[in-house]
Amino acid sequence: MIAPFGRRLCEVAANRDSGGYRVVSVVDRGGPEPRAGQFYMLAAAERWGARDGRAFLPRAISVAETRPAAGGGVRLDFLLDAVGPGTERLAALGEGEGIWITGPLGNSFASPREVSDGAAGAVLVGGGVGVAPLALLRRRFSERGVPHRVLLGFRDRAHTGGLDLFCGSSGVLCPEVRLATEDGHAGVQGRVTDLLLPILVGDDAASGVVYSCGPPAMLEAVRALCAEHGVTVELALESPMACGFGACFGCAVPKPGGGFLRLCVDGPVLRGDEVEEVSHAYA
Amino acid sequence: MIAPFGRRLCEVAANRDSGGYRVVSVVDRGGPEPRAGQFYMLAAAERWGARDGRAFLPRAISVAETRPAAGGGVRLDFLLDAVGPGTERLAALGEGEGIWITGPLGNSFASPREVSDGAAGAVLVGGGVGVAPLALLRRRFSERGVPHRVLLGFRDRAHTGGLDLFCGSSGVLCPEVRLATEDGHAGVQGRVTDLLLPILVGDDAASGVVYSCGPPAMLEAVRALCAEHGVTVELALESPMACGFGACFGCAVPKPGGGFLRLCVDGPVLRGDEVEEVSHAYA
Amino acid sequence: MPELCGIDLAHPVINASGTYDAIAARKVFGDALLDDFPFAAFVSKTITPDPRAGNSPRRIWETPSGMINSIGLPNKGLEGFLAEDLPQLRELPVPLIVSVMATTREEFARCVERIARRREVAAIELNVSCPNVHSGLIVGENPSETEALLEALRPLSEKPLIVKLTPNVADPAEVAAGAERGGADSISLINTLKGTAIDPATGAPALGNGYGGLSGPAVRPVALEQVRSVRAAVDLPIVGMGGVSTGADASEFFALGAAVVAVGTENFRDPRAGARIALELESSLRAERISEPALDLD
Amino acid sequence: MPELCGIDLAHPVINASGTYDAIAARKVFGDALLDDFPFAAFVSKTITPDPRAGNSPRRIWETPSGMINSIGLPNKGLEGFLAEDLPQLRELPVPLIVSVMATTREEFARCVERIARRREVAAIELNVSCPNVHSGLIVGENPSETEALLEALRPLSEKPLIVKLTPNVADPAEVAAGAERGGADSISLINTLKGTAIDPATGAPALGNGYGGLSGPAVRPVALEQVRSVRAAVDLPIVGMGGVSTGADASEFFALGAAVVAVGTENFRDPRAGARIALELESSLRAERISEPALDLD
Ligand SMILES: Cc1cc2nc3c(=O)[nH]c(=O)nc-3n(C[C@H](O)[C@H](O)[C@H](O)COP(=O)(O)OP(=O)(O)OC[C@H]3O[C@@H](n4cnc5c(N)ncnc54)[C@H](O)[C@@H]3O)c2cc1C
Ligand SMILES: Cc1cc2nc3c(=O)[nH]c(=O)nc-3n(C[C@H](O)[C@H](O)[C@H](O)COP(=O)(O)OP(=O)(O)OC[C@H]3O[C@@H](n4cnc5c(N)ncnc54)[C@H](O)[C@@H]3O)c2cc1C
Ligand SMILES: Cc1cc2nc3c(=O)[nH]c(=O)nc-3n(C[C@H](O)[C@H](O)[C@H](O)COP(=O)(O)O)c2cc1C
Ligand SMILES: Cc1cc2nc3c(=O)[nH]c(=O)nc-3n(C[C@H](O)[C@H](O)[C@H](O)COP(=O)(O)O)c2cc1C
Ligand code: FES
Ligand code: FES
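Quick caveat, the model's predicted, so the values are computed rather than measured. (Residues numbered from 1 in each chain as written. Chains lettered and ligands numbered in written order. Predicted model: local features only at pLDDT ≥ 70, side-chain atom pairs only at ≥ 80, totals over all residues. Heavy atoms only, no water.)

1. Notes on helix α4 (residues 192–201) of chain A
An α-helix turns once per 3.6 residues; consequently, residues spaced three or four apart project the same way.
All names here are of chain A.
No. 1: Inspection of α4 places V192, T193, L195, L196, I199 and L200 among the buried residues, and these make up the whole buried set. Taken end-on, α4 shows its buried residues confined to a sector of 150 degrees, consistent with a single buried face.
No. 2: Those residues of α4 that are buried are in contact with β8 (121–127), β9 (148–154), β10 (177–181), β11 (188–189), β12 (208–213) and α5 (216–229). (Buried < 20%, exposed > 50% of the residue type's maximum accessible area, 1.4 Å probe, protein only. Helix = DSSP H or I, 4+ residues; strand = E, 2+ residues; numbered from the N terminus. Arc of directions from axis to C-beta. Contact = heavy atoms within 4.5 Å.)

The structure is reproduced here in structure tokens:
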């Protein structure tokens, strides 16, 4: 998927709450429809750098949902967890405000068949703001008739950001979605890996591919579990990115054989065997 | 006039247009009523530094009008000409937004009697955003019964910022105010010094003191005219200020005998004979 | 038409070494990159005699109006570069400048010799901020080391040699003068300022390597001052860089005597920054020309 | 209770020389300044043997996340300082550190001798970023010049001697080591980075003096790196400064081994910055202590 050359100024179409996160919608008149797993580099057109000279660099944000925009182009939904000056400013963008976007960038999730011979079904495992790329992936799988299950982990009732991205237009959670919550207010009490384990040891595990995105500790648990049970897994990782298009070499992720990948161009989606261990050092 | 120690967070009460400039009103619960000629160091509490790390330092702004605030403290009106990142941000402050203020700072205009033995009347000469401190001075003179005339210069119909500060509550320009406009749309066509000259050569010149604030070229013309005609003049100058309270030594203005004054603590109001020539280099 | 050491340039804006990977960018953006190439010449990432993997993460850290990097010069090494990268870089529509660094004069010589033989290379940039393994001195910190290096390399190449100075010295003008005496054709500056940060989340150094190099608008005043002082000391054309993000920033470098400006960190914020800055420069020049006769001296 | 060379401090935050005029501030803010003095010790503006008027305007220029100053050390000279300023400064409720600079060892010695005799002075800071008129060398750029200066001054005073380094050198740790060998009691750093800007309105240098010194958050990464490298080279307590504007910034300096931090440019934005930063430090320490037992290792 080739991105239009350069950043372009787009307009924010909407900004709504999503369980503690924000969903910011941007109308991109000039870009193609992105694939699930791809990301954009985003920066507010005004007041970027408003907290003592930060945010300075653009921020990498996965696309959570996309559809054709009225009047041409595509509408892009981004799920934002405001953790610092960059995501705070992006999460505060109002309708009609300008935003610089570059993308779509990076690779995307592959279909189960592409990843693993004979694999038919998919298990999507997400947590925190990492549910974003899985939301788009789930819709694609639905459209293409790829059998899939979705396992999402949330902390508690106050932290369910992005959950509504997995609801149908009726506002009801899609039937293939199962939840784990740490406080047990919904779904199973515990971690999302508690939901994954029985699937990996089940009969149809061999024909499934796991797709995961979330905090480093969760990703590492998923990676290790899948490795242990011989199940193919695709992980959407994060690492600190200055550019997103291969220019800075900042987004290095260690390769198992030594050396580094550039996550922005070689990822952000990596197969489980392409990383040694998912670590806080880069994620 | 002693300022409360430190900066304090205040709230913007109003922001209105004034002929191309903005009048931003701030409620200061903790400070004294300032004198005409004094200034404050201002910085927006949020989004200061939003244009690539600037504005970084606070900005020196004269107080244009003040009155007791409902609920205690004083209400301060600032007249803002948005010429760069600092004044732009200040001019864009909305009602309820936070603003850091330090002040009142600097000295103030003296009454004619204090400045010059036997002087009774005052001539206020202002132009551009420099009309701000004269607005407060005029009101004080009115209250105290000091005879005064006000001469204001404006470029054209589109640039009359601050003129309304010289209107009574009825919205009609006070009778003692005379205008010079470069395009002749109001008052005399020409410069404000064209209005000043006949006064300086008139019979009662000797008993008057001139008070002036405005762009450097105007101030220099006023200073030179007054010197030529032996009339005492007080000039409210500007110079680049980092701190406003004598800490940085950045606001240096050359003294006639050599050496420098610190405009923030020795000024901003200087007698005509305390400066050699008003220059762009520091103003 | 601007030029640098006899190399014609369509405009006076090039990239800073290590801040644009034209091969990766072409994969991301397609051939639109070539149709609309943002720089008047392309400077490669610094290559070293042997391949390098680069430093362990974390490699970048944002700071007020800038960033620190400890990338660590990952590259395929001289032979890998010549075999794999150069054939792709020759397809760029602009002159190619290859940046090299080595830790001995002999290795520097081997790099310069091999690269100078390639017709697709217009000039060579010598990144001299590495310690000399023999003398232990950082070449670029020392005027006579720099002079001696240039004297050794000068006979090996007819191509222009651009010396990229480190800013972490008391007097860059002295080092530039050494480079001039040794036969350099041009000076480029500044490289990054040594910088560190602590990660508030851990209380430990934020970068895997402990420290790194500061770049971006934060360093622009330092870059301008070094350009000014080098300009006063040497006659060579100067490639000025350090925090250029707009045409107005570039104008500051030209006002102080730079012949060309290079854009680094700003590329990360705007992949077409080079072209934008060239355009901003051109339109501000045009605006000046138009406004001049009507100048209001009021 | 923090201390510096045996001087007890109520908290670890002092001011950077030349960024607070306590005498002027007392006129502006009244005695509230004394009741609530923001620094644990007060460092005077640098004084020189003879009075200086300072540089011609323009003296300050704002830059991304920082500023350039070319103030030029205006001061009343040694005698004026002793006669007029010292009696007022002794009324401050904190220990007094006097900063001095001179261009010959003899003049430096005269200043140190005269100041050391005054009981109200707790320590002397030597600002060594000026050229020695005899050697032509900038003392603070040169380890042996610095060592020799300290050797000459050490016998003249029982008071702690703090050496303030210039950051415009390749290796500040070497200079710090020279100061330590010469008998210094403490190292303070960084002073400002050499910097220039062009005024876009005129196309000419923005500062009357052509160039100046860069300070503020923009330089913090450079300051932290220099503190780190000096810490590794000397055993003396370090006064760290450069872009400290919050308690979190100060923590970065402490994490790298500074004993005390000094606040400069931030004073201009917040006249009580010193006290605020000390408070922020204290409450973040308290928060750490509270959260520690309950630390969630998830
Ligand atoms: C491919 C990809 C996709 C992503 N998708 C999403 C998404 O869909 N939604 C989402 O919300 N996020 C997403 N992220 C994460 C997002 O990019 C980061 O959270 C964001 O960059 C943080 O920026 P910030 O300014 O808000 O926070 P920062 O303050 O930059 O803090 C984030 C981290 O940066 C570090 N940091 C760097 N400089 C400093 C500094 N000077 N001071 C303190 N900390 C600093 C710290 O480690 C800190 O934990 C994605 C990241 C990648 C790489
Ligand atoms: C005592 C006093 C009272 C004042 N009263 C008022 C008032 O009532 N109302 C009002 O509107 N103004 C007033 N001013 C002027 C006001 O303080 C300045 O206009 C303001 O500081 C400009 O800040 P800025 O960020 O908007 O513009 P800046 O961008 O800071 O530009 C203002 C000037 O600063 C210089 N400058 C400094 N750094 C840079 C840089 N990096 N790039 C470009 N230029 C730079 C330039 O010379 C430029 O012309 C007063 C000033 C003083 C000293
Ligand atoms: C991520 C990054 C990588 C860099 N790599 C190199 C390099 O390989 N060789 C080199 O000479 N300079 C390198 N530099 C320095 C830049 O070329 C440039 O000198 C410096 O960043 C200042 O310019 P800027 O402020 O515009 O970025 C690098 C800078 C950055 C930010
Ligand atoms: C306006 C100004 C004046 C200064 N004057 C002096 C001085 O007289 N003596 C000195 O040693 N340092 C002086 N400095 C340097 C500061 O003490 C400090 O080392 C430097 O500014 C870095 O700290 P900061 O980033 O917190 O300002 C001055 C700095 C500024 C900004
Ligand atoms: S983010 Fe710059 S190379 Fe990957
Ligand atoms: S503005 Fe700082 S001393 Fe006057």
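2. Description of helix α6 (residues 172–182) of chain C
Residue and element names in this part refer to chain C.
No. 1: Counting buried residues along α6, eight of its eleven residues qualify, which places the element largely inside the surrounding structure.
No. 2: Of all the positions in α6, only P172, A173, V175, A176, A177, G178, A179 and G182 are classed as buried.
No. 3: Looking at the buried side of α6, the elements it contacts are α5 (143–153), β9 (161–164), β10 (186–189) and α7 (220–233).
No. 4: Among the residues trailing α6, G183 stands out with phi positive, at a value near 110 degrees.

3. Comments concerning the domain arrangement of chain A
Residue and element names in this part refer to chain A.
No. 1: Taken domain by domain, chain A holds domain 1 (8–105) and domain 2 (112–236).
No. 2: Centre-to-centre, using C-alpha coordinates, domain 1 lies 24 Å away from domain 2.
No. 3: Contact with domain 1, which involves 17 residues of that partner, is made by 18 residues of domain 2.
No. 4: Taken together, both faces of the contact between domain 1 and domain 2 bury some 1,300 Å²; the carbon and sulfur share is 58%.
No. 5: Inspection of the domain 1/domain 2 interface yields three salt bridges.
No. 6: A salt bridge links E65 to R139, with the nearest nitrogen and oxygen atoms 2.7 Å apart.
No. 7: Counting across the domain 1 and domain 2 interface gives ten residue pairs in polar contact (both at pLDDT 80 or more). (Domains from an automatic or database assignment. Buried area = accessible area lost by both parts, 1.4 Å probe. Salt bridge = Lys/Arg side-chain N within 4 Å of Asp/Glu carboxyl O. Polar contact = N/O pair within 3.5 Å; in protein donor to acceptor, adjacent residues only side chain to side chain.)

4. Here we look at the site of ligand 2
No. 1: Near ligand 2 lie 25 residues; those nearest to it are B:R59, B:A60, B:L79, B:G86 and B:T87.
No. 2: Contact distances for ligand 2 include 3.1 Å between an oxygen atom and a backbone N or O atom of B:G84.
No. 3: Contact between ligand 2 and D:W61: a nitrogen atom at 3.4 Å from a side-chain N or O atom of the residue.
No. 4: When the free accessible area of ligand 2 is taken as 950 Å², the share hidden by the protein chains comes to 80%.
No. 5: Elements supplying a minimum of two residues to the shell around ligand 2: β4 (59–62), β6 (74–80) and α1 (85–91) of chain B together with β5 (60–63) of chain D.
No. 6: In terms of residue class, the shell around ligand 2 is built from 13 nonpolar, five polar and seven charged. (Near = heavy atom within 4 Å. Areas by Shrake-Rupley, 256 points an atom, 1.4 Å probe, with all protein chains shown as cover. Nonpolar A, V, L, I, M, F, W, Y, C, P; charged D, E, K, R; others polar.)

5. Details of the site of ligand 3
Residues and elements named next belong to chain C.
No. 1: Residues in close proximity to ligand 3 total 23 residues, the closest being T46, K164, I190, G243 and T265.
No. 2: Note that an oxygen atom of ligand 3 is positioned 2.7 Å from one of the side-chain N or O atoms of K164.
No. 3: Here G264 contributes a backbone N or O atom positioned 3.0 Å from an oxygen atom of ligand 3.
No. 4: Compared with its free state, where it exposes 600 Å², ligand 3 has 97% of that area covered by protein.

6. Notes on the interface of chain C and chain A
No. 1: On the chain A side, the residues contacting the 41 residues of chain C number 35 residues.
No. 2: In terms of surface lost to chain A, no three residues of chain C exceed C:F29, C:E62 and C:R269, which account for 24% of the buried area on that side.
No. 3: Summed over the shared surface of chain C and chain A, the result is four salt bridges.
No. 4: The salt bridge involving A:R59 is made with C:E62; its shortest N-O contact spans 2.7 Å.
No. 5: If you look at where chain C meets chain A, you find ten residue pairs in polar contact (both at pLDDT 80 or more).
No. 6: Looking at the side of chain C that touches chain A, the elements that each hand over two or more residues are α1 (22–29), α2 (32–35), β5 (60–63), β6 (66–69) and α9 (266–269) of chain C.
No. 7: In terms of residues, the side of chain C that touches chain A owes the most to one element, α1(C), which gives five residues.
No. 8: In terms of residue class, the side of chain C that touches chain A is built from 18 nonpolar, twelve polar and eleven charged.

7. Observations regarding the pairing of strand β8 (residues 121–127) of chain D
Residues and elements named next belong to chain D.
No. 1: Most of β8 is tucked away: six of the seven residues are buried.
No. 2: Of the pairings in the sheet, the one linking strand β7 (residues 96–100) to β8 comprises five bridges and is parallel in character. Within β8, the position partnered with V98 by the bridge is I124.
No. 3: Chirality of the crossover, the property in question, places the unit of β7, helix α4 (residues 105–116) and β8 among those that are right-handed. (Pairing = 2+ DSSP bridges. Right-handed = clockwise from strand over helix to strand, strands pointing away.)

8. A word on the sheet that holds β8(A)
All names here are of chain A.
No. 1: Read across the open sheet, the seven strands follow the order β11-β10-β9-β8-β12-β13-β16; overall the sheet is mixed. Across the chains shown, the open sheet's two edge strands, defined by having one partner strand only, are β11 and β16 (269–271).
No. 2: Packing against the sheet, helix α3 (residues 131–144) makes contact with β8, β9 and β12, and its axis sits at approximately 155 degrees to β8.
No. 3: Sheet strands in contact with α5 are β8, β12 and β13 (233–236), and its direction is about 165 degrees off that of β12. (Axes fitted to C-alpha atoms, helices over the stretch in contact; angles between N-to-C directions.)

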